[in-house]
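Take a look at the letters that make up each chain.
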Amino acid sequence: ISLRGRYYYRSSSTKHELTGIALNEFLLKKSGKTWDDVIELRATLDDIDEESIAIYLKASENAGRLPENSGLNISELLEKLRLSENGQLKRAAIILFGKDPGKFYPNTFVKMGRFGKNDADIIFQETEDGNLINLLHLVLNQLNHKFLKRAIAFEGMHRIEKGEYPIAAIREMLLNALVHRNYMGAPVQIRVYDDKINIWNEGLLPEGLSLSDLKQSHSSRPRNPVIADIAFKGGYIDAW
């Protein structure tokens, strides 16, 4: 319900005011938009990192999912990918290819911590900032070289290093955390322990899905469909 420009929801017999992230998501749903599909009026083409786009296009060639784009300039490419509208950039364009997404949305970085016996026993921590395309490389590199153990063996004169976790599994977890997170909430957090790794992102389950649904066959309902579509076309994730 709406009263004098404020929005409320009722839980049992109690009325609560919608504020912050909950209010933002309610208004987006009311308008029929998702967060990543909204125009970012503060952004221009100067805020787009062409090198990140080049990395993405190279990856998309291997996937073979991207529509024909030869001869298009950056502006035309973003329009074709539905990352801009009438020359104005959408939020998804900044998250995916922005030079400095944190300039627009302060919690786009990834926070990593190496822990000892418990959550209070933090040994060291790092952060990585940047757009989604760069974060994927930066975070995996940071984890691989500083946070995760590498078992060493020898076969004859050859040194063999085996990662603590399969790199494909870590990449998949990180991509899910970045693509499907609530970008108005807290940053992605990665906790590395002696016997486990935990990757957390902000955001409730999509409406109509429960935890039990996730353990069986269910439909794909991305929180950020524009970002997810670009990640799919680039071969970073699957659509199922």
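Whatever comes next refers back to the structure up there.
Residues numbered from 1 in each chain as written. Predicted model: local features only at pLDDT ≥ 70, side-chain atom pairs only at ≥ 80, totals over all residues. Heavy atoms only, no water.

Draft legend 1. Up close: empty space enclosed by the protein. Inspection of every chain in the model, using the stated rule, returns one cavity of 30 Å³ or more. Class assignment of the residues belonging to the lining of the largest cavity gives a composition of six nonpolar, three polar and no charged. (1 Å grid on protein atoms, 1.4 Å probe; cavity = no way out; pocket = protein on both sides within 12 Å on 5 of 7 lines; lining within 4 Å. Points joined across faces, edges and corners; volume = space filled by probe spheres on them. Nonpolar A, V, L, I, M, F, W, Y, C, P; charged D, E, K, R; others polar.)

Draft legend 2. Up close: the pairing of strand S7 (residues 122-128). Both strand S6 (residues 110-115) and S7 contribute to a ladder of six bridges, which runs antiparallel. From the neighbouring strand, Phe115 faces S7, where its bridge partner is Ile122. (Pairing = 2+ DSSP bridges. Helix = DSSP H or I, 4+ residues; strand = E, 2+ residues; numbered from the N terminus.)

Draft legend 3. Region of interest: the side chain of Thr108. Within the secondary structure, Thr108 sits in the loop between helix H4 (91-97) and S6. A polar atom in the side chain of Thr108 sits 3.5 Å from the backbone oxygen of Tyr105. With sequence-adjacent residues up to four places away left out, Thr108 is seen in contact with Ile95, Pro101, Gly102, Asp129, Gly130, Leu135, Arg181 and Tyr183. (Polar contact = N/O pair within 3.5 Å; in protein donor to acceptor, adjacent residues only side chain to side chain. Contact = heavy atoms within 4.5 Å.)

Draft legend 4. Molecular detail of helix H5 (residues 132-147). Within H5, the full set of buried residues consists of Leu132, Ile133, Leu135, Leu136, Val139, Leu140, Gln142, Leu143 and Phe147. If you check the start of H5, you find a side-chain oxygen 3.1 Å away from the backbone N of Ile133, and it comes from Asn131. (Buried < 20%, exposed > 50% of the residue type's maximum accessible area, 1.4 Å probe, protein only.)

Draft legend 5. Region of the structure containing the layout of surface pockets. Of the volumes computed, that of the largest pocket is approximately 870 Å³. Around the largest pocket, the lining comprises 35 residues; the ones closest to its centre are Asn176, His180, Ser220, Arg221 and Pro222. At the level of elements, helix H6 (167-179), strand S11 (197-200) and helix H8 (225-233) are the ones that each hand at least two residues to the lining of the largest pocket. Tallied by class, residues from the lining of the largest pocket come to 19 nonpolar, eight polar and eight charged.

Draft legend 6. Layout of the packing of H5 against H6. Close contact between H5 and H6 brings their axes to 11 Å; oriented N to C, the two are set at 140 degrees. Here H5 lies oblique to H6, going by the angle between them. Here H5 runs over H6; the crossing is right-handed. In this structure, H5 contributes Leu132, Leu135, Leu136, Val139, Leu140 and Leu143 to the contact, and H6 contributes Ile167, Ile170, Arg171, Leu174, Leu175, Leu178 and Val179. Looking at the contact of H5 with H6 residue by residue, the classes come out as 12 nonpolar, no polar and one charged. (Axes fitted to C-alpha atoms, helices over the stretch in contact; angles between N-to-C directions. Parallel < 35°, antiparallel > 145°, perpendicular 65-115°, else oblique. Left-handed = near helix turned anticlockwise from the far one by under 90°.)

Draft legend 7. Layout of a nonpolar patch on the surface. A surface patch of nonpolar side chains, about 280 Å² in accessible area, is lined by Leu205, Leu211 and Leu214. Structurally, the position occupied by Leu211 is in helix H7 (residues 211-214). (Patch = residues over 30% accessible without salt bridge, like charges linked within 9 Å, V, L, I, M, F, W, Y side chains within 5 Å. Areas by Shrake-Rupley, 256 points an atom, 1.4 Å probe, with all protein chains shown as cover. Salt bridge = Lys/Arg side-chain N within 4 Å of Asp/Glu carboxyl O.)

Draft legend 8. Here's a closer look at the sheet that holds S7. Taken together, the four strands give an open sheet; going across it, the order is S7-S6-S10-S11, and neighbouring strands pair in mixed fashion. With one partner strand each, in any of the chains shown, S7 and S11 form the two edges of the open sheet. Averaged over neighbouring strand pairs, the angle between their axes works out to 15 degrees when direction is ignored. Sitting on the sheet, H5 touches S6, S7 and strand S10 (188-192), and the angle it makes with S7 is about 155 degrees. Contacts from H6 reach S6, S10 and S11 within the one sheet, and its direction differs from that of S11 by about 20 degrees.

Draft legend 9. Quick peek at the environment of Phe124. Tracing the backbone shows Phe124 in strand S7. Residue classification places Phe124 among the partly exposed positions, given a relative accessible area of 26%. Non-local contacts of Phe124, meaning those with residues more than four positions away in its chain, are made with Met112, Gly113, Arg114, Lys146 and Phe147.

Draft legend 10. Focus on the pattern of salt bridges. Applying the stated rule across the entire model yields 10 salt bridges. One salt bridge in this structure joins Arg191 and Asp119, with 3.7 Å as the shortest N-O distance. You can see Arg191 sitting in strand S10 and its partner Asp119 sitting in the loop between S6 and S7, a full 72 residues away along the chain. Given the relative accessible area of 26%, Arg191 is considered partly exposed. Overlapping salt bridges, with partners in common, bring together Lys33, Asp37, Glu85 and Lys90 in one network.

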